[in-house]
Amino acid sequence: VFQLSVPLNFLGSVYRELRQSLLDMETLFNLQKVNVTIKDEPNAKPLALKTGEIKFQNVDFGYHPERPILRDLTLTIPGGKKVAIVGPSGCGKSTLLRLLFRSYDVENGRILIDDQDIRSVQVDSLRRSIGVVPQDTPLFNDTVEHNIRYGKIDATSEQVVAAAQRARIHDTIARFPEGYETKVGERGMMISGGEKQRLAMSRILLKDPPLLFFDEATSALDTHTEQALMNNINSILREKGRTSVFVAHRLRTIFDSDLIIVLKEGRVAEQGTHRELIDRDGVYAELWSAQETLFNDEGEKTEASKEQ
Ligand code: ATP
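Residues numbered from 1 in each chain as written. Predicted model: local features only at pLDDT ≥ 70, side-chain atom pairs only at ≥ 80, totals over all residues. Heavy atoms only, no water.

**Q** Sorry, what's going on with the overall build of the protein here?
**A** A tally of helices and strands in the protein yields ten helices and ten strands. Residues counted as buried form 44% of the 308 residues belonging to the protein. In the protein, of all internal contacts separated by at least 6 residues, the share reaching a separation of at least 24 is 70%. When the accessible area of the protein is evaluated, it comes to approximately 16800 Å², of which 52% is carbon and sulfur surface. (Helix = DSSP H or I, 4+ residues; strand = E, 2+ residues; numbered from the N terminus. Buried < 20%, exposed > 50% of the residue type's maximum accessible area, 1.4 Å probe, protein only. Contact = heavy atoms within 4.5 Å. Areas by Shrake-Rupley, 256 points an atom, 1.4 Å probe, with all protein chains shown as cover.)

Take a look at the structure:
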């Protein structure tokens, strides 16, 4: 009886773990809205990356036929550069990322990466080349270390720690009850939105993909932490010559981009560097001055409250 119960117990725990990890994968797919029905074309080839240039050519897309989101959208994200996409809420910024990841396919037009139509490459190789830090990062019901290592399963503990340091979360983790062994996720310790975002950053830095997308990835951080983290990220991206796309409401996090693309009603309203767009005195300049006024007012308020 003893001999039999051991393997049964063992099987039971394997089953539980397996079930749990399947549930976790399901959560991840749901959260990232990955369309698992998109399949490779019969003669699909692996994506061959050169500089990492991304082009949208005359793209039409809507989630429902009666409501177009992107209309005849044409834009180029130059390889190896830092590009920002800004625009009013609901204009389709996150949709661009989802189309690139092939969570959905375009209705008309095409999307090219280094001149290859993304529908003609193996989906798996496409997704492996892209790292996304989404608005809301899914955490696994596992330790902090595993949650970061998910970016690169065979990473050493030293590499995990180095990624956490660059994402400015190492010191926080060190103060968790069991450090990197602390369990997080729904059944683990509750962590803040900002901590979650920095774990997601560690994950992507560890994965180190050729194309990186940050979708409001620092929105839950305070200005000081956000600035320090962005400085780290910027220098890593520049050093490695990675193509990176930032979607952000707070223009202060992206004003130093090589190119800023402003979307409005599913099209490019204007594009250029911060300086060029300010001189143009259009949509971007207006957004910038509105945010600066707000920022300065808040700054004054904080200073005032400190003095009291
Ligand atoms: P925000 O700045 O608020 O994040 P966004 O510019 O990233 O907005 P998207 O998330 O791309 O906007 O959404 C564009 C439009 O498409 C919105 O009107 C949104 O309601 C709609 N939308 C987004 N996802 C879906 C979906 N899965 N099904 C139907 N409509 C959707």
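Read on, since the account is not over.
**Q** Would you mind showing me how to read the pattern of salt bridges here?
**A** Close approach of charged atoms allows side chains with opposite charge to pair. Within the structure shown, the criterion is met by 14 salt bridges. With a shortest N-O distance of 3.9 Å, Lys152 and Asp154 are connected by a salt bridge. Among the salt bridges present, the one from Arg250 reaches Glu226, with a minimum N-O distance of 2.9 Å. Residue Arg250 is located in the loop between strand 8 (243-247) and strand 9 (259-264), and its partner Glu226 is located in helix 8 (residues 223-240); the two are separated by 24 residues in the primary sequence. Through salt bridges with shared partners, one network takes in Glu53, Lys55 and Asp115. (Salt bridge = Lys/Arg side-chain N within 4 Å of Asp/Glu carboxyl O.)

**Q** What is the right way to look at the site of the ligand in this model?
**A** Taken together, the neighbourhood of the ligand is formed by 16 residues, with Arg67, Ser89, Lys93, Ser94 and Thr95 sitting nearest. Separating an oxygen atom of the ligand from a side-chain N or O atom of Ser94 is a distance of 2.7 Å. Isolated, the ligand exposes 640 Å² of accessible area, and the fraction of that covered by the protein chains is 72%. Looking at the shell around the ligand residue by residue, the classes come out as five nonpolar, eight polar and three charged. (Near = heavy atom within 4 Å. Polar contact = N/O pair within 3.5 Å; in protein donor to acceptor, adjacent residues only side chain to side chain. Nonpolar A, V, L, I, M, F, W, Y, C, P; charged D, E, K, R; others polar.)

**Q** Would you mind going over the packing of helix 7 (residues 193-207) against helix 8 with me for this structure?
**A** Describing two packed helices takes the angle between their axes plus the distance from one axis to the other. Remark: helix 7 packs on helix 8, axes separated minimally by 13 Å, with the N-to-C direction vectors making an angle of 5 degrees. Taken together, the axis directions place helix 7 and helix 8 in an arrangement best described as roughly parallel. Residues Arg198, Met201 and Leu205 of helix 7 pack against Thr225, Leu229, Ile233 and Ile236 of helix 8. Along the lines of polarity and charge, the residues of the contact of helix 7 with helix 8 split into five nonpolar, one polar and one charged. (Axes fitted to C-alpha atoms, helices over the stretch in contact; angles between N-to-C directions. Parallel < 35°, antiparallel > 145°, perpendicular 65-115°, else oblique.)

**Q** Can you help me understand the side chain of Glu145 in this one?
**A** Turning to its location among the elements, Glu145 is positioned in helix 4 (residues 144-149). A distance of 3.2 Å separates the side chain of Glu145 from the side chain of Ser157, its partner in a polar contact. Not counting the four nearest positions on each side in its chain, Glu145 is found in contact with Ser157, Val160, Tyr180 and Glu181.

**Q** Please clarify how the pairing of strand 1 (residues 54-61) should be interpreted in this entry.
**A** Looking along a regular strand, one sees the side chains alternate between the two faces of the sheet. Both strand 1 and strand 2 (residues 70-77) contribute to a ladder of five bridges, which runs antiparallel. Within the sheet, the bridge partner assigned to Phe61 lies in strand 2 and is Leu70. The pairing of strand 1 with strand 4 (residues 108-113) spans five bridges and is classified as antiparallel. What sits directly across from Lys55, in strand 4, is Leu112. (Pairing = 2+ DSSP bridges.)

**Q** So what exactly am I meant to see when it comes to the sheet that holds strand 4 here?
**A** With respect to topology, four strands assemble into an open sheet ordered 2-1-4-5, the strand pairing being antiparallel. With one partner strand each, in any of the chains shown, strand 2 and strand 5 (116-117) form the two edges of the open sheet. Where strand 4 lies against strand 5, two bridges are found, and the strand directions are antiparallel. In the strand pairing of strand 5, Ile113 is matched with Gln116. Packed on one face of the sheet, helix 2 (residues 93-100) meets strand 1, strand 2 and strand 4 and runs near 110 degrees to strand 1.

**Q** Please explain the side chain of Ser244 as it appears in this structure.
**A** Summarising the element assignment, Ser244 is placed in strand 8. With near-sequence residues (within four places) excluded, Ser244 lies in contact with Lys81, Lys82, Val83, Leu212, Phe214 and Leu237.

**Q** Can you help me understand the packing of aromatic side chains in this one?
**A** Aromatic rings considered in pairs are described by the distance between their centres and by the relative angle of their planes. Following the criterion strictly, the structure yields seven aromatic pairs and no others. Look at Tyr63 and Tyr104: their rings are 5.2 Å apart centre to centre, the planes differ by 90 degrees, and that puts the pair in the edge-to-face class. Linking Tyr63 in the loop between strand 1 and strand 2 with Tyr104 in the loop between helix 2 and strand 4, this pair joins segments that are 41 residues apart in sequence. Tyr63 sits in the partly exposed class, given a relative accessible area of 32%. Residue classification places Tyr104 among the partly exposed residues on the basis of a relative accessible area of 26%. Consider the rings of Phe214 and Phe246, whose centres lie 4.4 Å apart with planes at 10 degrees: the pair is stacked. Of this pair, Phe214 sits in strand 7 (residues 211-215) while Phe246 sits in strand 8; the two residues are 32 residues apart in sequence, bridging distant segments of the chain. The two residues Phe214 and Phe246 agree in class, both being buried. (Phe/Tyr/Trp six-rings, centres within 6.5 Å; stacked < 30°, edge-to-face > 60°.)

Remember, this is a structural readout, not a statement about activity or role.
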